[in-house]
Amino acid sequence: MGVQISPSILSADYTDLAAEVARVAPVADWVHVDVMDNHFVPNLTIGLPVVERLAEVSELPLDVHLMIADVDRWAPDYADAGARSVTFHLEAATAPVRLARTLREHGVRAGMALRPATAVEPYADLLAELDMLLLMTVEPGFGGQKFLDLVLPKIRAARELVKGRDLDLWIQVDGGVAAETVERCAEAGADVFVAGSAVYDADDPVAAVEGLRQQAEAATAASWWGRP
Ligand code: DX5
Ligand code: ZN
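Just so it is clear, the structure is predicted and the values come from calculations on it, not from any experiment. (Residues numbered from 1 in each chain as written. Chains lettered and ligands numbered in written order. Predicted model: local features only at pLDDT ≥ 70, side-chain atom pairs only at ≥ 80, totals over all residues. Heavy atoms only, no water.)

Now for the packing of aromatic side chains. Applying the stated criterion across every chain, the model contains one aromatic pair. In this structure, Arg73 is placed above the aromatic ring of Trp74, and the distance from its NZ or CZ to the ring centre is 4.0 Å. A cation over an aromatic ring shows up here: Arg156 above the ring of Trp224, its NZ or CZ 4.4 Å from the ring centre. (Phe/Tyr/Trp six-rings, centres within 6.5 Å; stacked < 30°, edge-to-face > 60°. Lys NZ or Arg CZ within 6 Å of the ring centre and 35° of its normal.)

If you want it as structure tokens, here you go:
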């Protein structure tokens, strides 16, 4: 698939989400929608009714990132609400294999997210059940946090697993992804880049998306895993 950019509307104007998505639609691949419940993370955002309506008006496919407790119960509803990709946190799931299979049955891409302190190796056998692995590069909950370099070896380990097993699995990074950090993520093995503040706090969000894409593509082309 190559490099994909998924701007996060967490940093956008919540009173005008349709317009905020439209701003980046010409240059982005997805729109990243952060759902927080004030239980799994100490912050609260939006839920099903907003996602449902956003799916109707958005020109970009919805990449829904669920930071909610009891996610086995709720994730399929987000698939039915019109998302194209639904990502649950491993740490919040009771039965991640069943949940990933259920999401695929509901016709969406199944994503699984790991917090910075959760290792990927114990879940190596689970990766074939997934369409995307999200490696959080900050503790989930808030936009505008500092990128955590300590996640880079995990990105590399995940890419090694994907290559070694010849899996068709996207590796997404989320948190502190910006001009200063995107190349390190791409070099390590990420191919889907979420950026909230780096896009929506920029004077020109379109130029910000284009800049991140260029940096990521160049870094991938020169990387240990992306070289032809
Ligand atoms: C944080 C969210 C992110 C957030 C990233 O928990 O999952 O998607 O929008 O924001 P930035 O890019 O500003 O770190
Ligand atoms: Zn997110």
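Now for unusual backbone geometry. Unusually for a residue other than glycine, Asn38 sits at a positive phi of about 65°. Mapping Asn38 onto the fold places it in the loop between β2 (31-36) and α2 (48-57). Of the residues examined, Asn38 reaches a relative accessible area of 45% and is grouped as partly exposed. Phi at Asp166 is positive, roughly 55°, even though this residue is not glycine. Following the sequence through the fold, Asp166 ends up in the loop between α5 (152-165) and β7 (170-174). (Helix = DSSP H or I, 4+ residues; strand = E, 2+ residues; numbered from the N terminus. Buried < 20%, exposed > 50% of the residue type's maximum accessible area, 1.4 Å probe, protein only.)

We now examine the pattern of salt bridges. Going through the model one piece at a time under the given rule, you end up with 11 salt bridges. Between Asp29 and Arg213 there is a salt bridge whose closest N-O contact spans 3.0 Å. You can see Asp29 sitting in the loop between α1 (17-24) and β2 and its partner Arg213 sitting in helix α8 (residues 205-221), a full 184 residues away along the chain. We classify Asp29 as partly exposed; its relative accessible area is 25%. A salt bridge links Asp77 to Arg73; its shortest N-O distance comes to 3.1 Å. Separated by four residues within a single helix, Asp77 and Arg73 lie in helix α3 (residues 71-80), roughly one turn from each other. (Salt bridge = Lys/Arg side-chain N within 4 Å of Asp/Glu carboxyl O.)

Its place among the elements puts Asp37 in the loop between β2 and α2. It is Arg115 that comes nearest to the buried, bridge-free Asp37 among opposite-charge side chains, at 9.0 Å. Here the side chain of Asp37 touches Phe40 through a polar contact of 2.8 Å, landing on its backbone nitrogen. Setting aside its immediate chain neighbours within four residues, Asp37 contacts Asn43, Leu44, Met67, Ile68 and Ala69. (Lys, Arg positive; Asp, Glu negative; His and termini not counted. Polar contact = N/O pair within 3.5 Å; in protein donor to acceptor, adjacent residues only side chain to side chain. Contact = heavy atoms within 4.5 Å.)

Glancing now at the coordination of the zinc ion (ligand 2). Angles at a metal have ideal values that depend on geometry: 109.5 degrees with four tetrahedral donors, 90 or 180 degrees with six octahedral donors. Distances from the zinc ion (ligand 2) to its protein donors, His32 (NE2), Asp34 (OD), His65 (ND1) and Asp174 (OD), fall at 2.1 to 2.3 Å. In this structure, the zinc ion (ligand 2) is coordinated by six donor atoms arranged in octahedral fashion, with angles at the metal of 72 to 172°. Between consecutive donor residues of the zinc ion (ligand 2), the sequence gaps follow H-x1-D-x30-H-x108-D. Of this pair, Asp34 sits in strand β2 while His65 is found in strand β3 (residues 62-67), placing the two residues 31 residues apart along the sequence. There is no split in this pair, since Asp34 and His65 are both buried. (Donors = N, O, S within 2.8 Å, 3.2 Å for Na, K, Ca; no water. Tetrahedral: all angles 85-135°; square planar, octahedral: opposite > 155°, others 65-115°.)

Strand pairing in a sheet relies on backbone hydrogen bonds, with the paired strands running either antiparallel or parallel. Strand order in the open sheet formed by eight strands is β1-β8-β7-β6-β5-β4-β3-β2, with parallel pairing between adjacent strands. Two strands in the sheet have a free side with no partner beyond their single neighbour: β1 (4-7) and β2. Mean inter-strand twist for the sheet, computed between neighbouring axes without regard to direction, equals 25°. In this structure, strand β5 (residues 109-114) lies alongside strand β6 (residues 132-136), joined through four bridges in parallel fashion. (Pairing = 2+ DSSP bridges. Axes fitted to C-alpha atoms, helices over the stretch in contact; angles between N-to-C directions.)

To continue, consider α2. Listing the buried residues of α2 in full gives Leu48, Val51 and Leu54. On an axial view of α2, the arc spanned by its buried residues comes to 125°, and they lie on one face. Away from the buried face of α2 by more than 90 degrees, exposed residues Pro49 and Glu56 are located. Residues of α2 that are buried in the fold lie against α1, β2, β3 and α3. (Arc of directions from axis to C-beta.)

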